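Summary of structural features
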Amino acid sequence: LAHYGITDVFPNIAWAGMVHYGSKELPRSEEFKVFGDQMAQCVKAAHDSSMRVHLWKVCWKVEGAPASFLADMRKAGRLQRSDNGSELPWLCPSHPDNLRFEKDGLREALKLYPVDGVHLDYIRYPGSHGCYCSGCRRRFESHLGRAVERWPQDVRSGAERDVYTRWRCAQITRLVHDVSVLARRLRPGIRISAAVYGKYPSCVASVAQDWPGW
């Protein structure tokens, strides 16, 4: 890659519920157990060839995570719920424990590995159908300062839809902001990038990704 002029690599190495490196915060993958620390190997090989490494982090989405991890998240009410009440395999961005969890995982990785960048993927909701869990209702009502009479109808397509859309966006933007601050504090000069929807501004209402503001 270096011989042919490639300067940066983005190894897709971390998800919300599984990683390919030696984490104590997140479950280690089967690949880690078989092939060893993929982040350490990648950083060494790339830096030996004067290439930059950007840690590609899938946020919130927990597909592929160990069943025990998912069971713990489910029991703690930390998974998303769709507008019809069904469970979604994503961590709820408004849950304070999930916000800490995502930041703690990245903080650990940045302390362990001299990466040159962090790339945030799935830094959004799965779609307009999420999240409408009971925790979102409590936290949104606290934000409003009053109760929502019909949940989720009033926030899905009723009187509170626009306010809820902005509130959802704020949950995603908060993680982007916090990761940017902690990453630059730990590794000055680090690059922050993200995979974003091209369909702006419709992505604001659909996946709560207000990326021009970032």
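Residues numbered from 1 in each chain as written. Predicted model: local features only at pLDDT ≥ 70, side-chain atom pairs only at ≥ 80, totals over all residues. Heavy atoms only, no water.

Moving on, we come to the overall build of the chain. Across its full length, the chain holds 8 helices and 7 strands. A compact globule built from 214 residues would reach a C-alpha radius of gyration of about 17 Å, and the chain, at 18 Å, matches this within 12%. Along the first, second and third principal axes, the C-alpha set of the chain runs to 60 × 35 × 30 Å. Only carbon and sulfur atoms are counted for the fraction: they give 51% of the accessible area of the chain, which is about 10700 Å². Averaging the locations of the 31 positively and 23 negatively charged side chains of the chain gives two centres separated by 2 Å. (Helix = DSSP H or I, 4+ residues; strand = E, 2+ residues; numbered from the N terminus. Rg over C-alpha atoms; globule rule 2.2 N^0.38 Å. Areas by Shrake-Rupley, 256 points an atom, 1.4 Å probe, with all protein chains shown as cover. Lys, Arg positive; Asp, Glu negative; His and termini not counted. Charge placed at Lys NZ, Arg CZ, Asp CG, Glu CD.)

Mapped onto the fold, Asp154 is located in helix H6 (residues 153-156). Accessibility expressed as a relative area gives 11% for Asp154, which makes it buried. Apart from residues no more than four positions distant in its own chain, Asp154 is found in contact with Val148, Glu149, Ala159, Glu160 and Arg161. (Buried < 20%, exposed > 50% of the residue type's maximum accessible area, 1.4 Å probe, protein only. Contact = heavy atoms within 4.5 Å.)

Next up on the list: the side chain of Arg168. By the secondary structure assignment, Arg168 is in helix H7 (residues 161-186). Although Arg168 is buried, it makes no salt bridge; Asp83 carries the closest opposite charge, 9.7 Å away. When near neighbours in sequence (up to four residues on either side) are disregarded, Arg168 contacts Tyr125, Gly127, Ser128, Gly130, Cys131, Val204, Ala205, Ser206, Val207 and Ala208. (Salt bridge = Lys/Arg side-chain N within 4 Å of Asp/Glu carboxyl O.)

Counting residues in each nonpolar core, the largest one holds 55 residues, and the members touching the most others are Tyr21, Met39 and Val115. By residue number, the principal contributor to this core is H7, which donates 9 residues. Those residues in contact with Val115 that sit more than four places away from it in its chain are Met39, Val43, Val53, Leu55, Leu110, Arg187 and Ile190. (Core = buried A, V, L, I, M, F, W, Y, C linked by side-chain atoms within 4.5 Å.)

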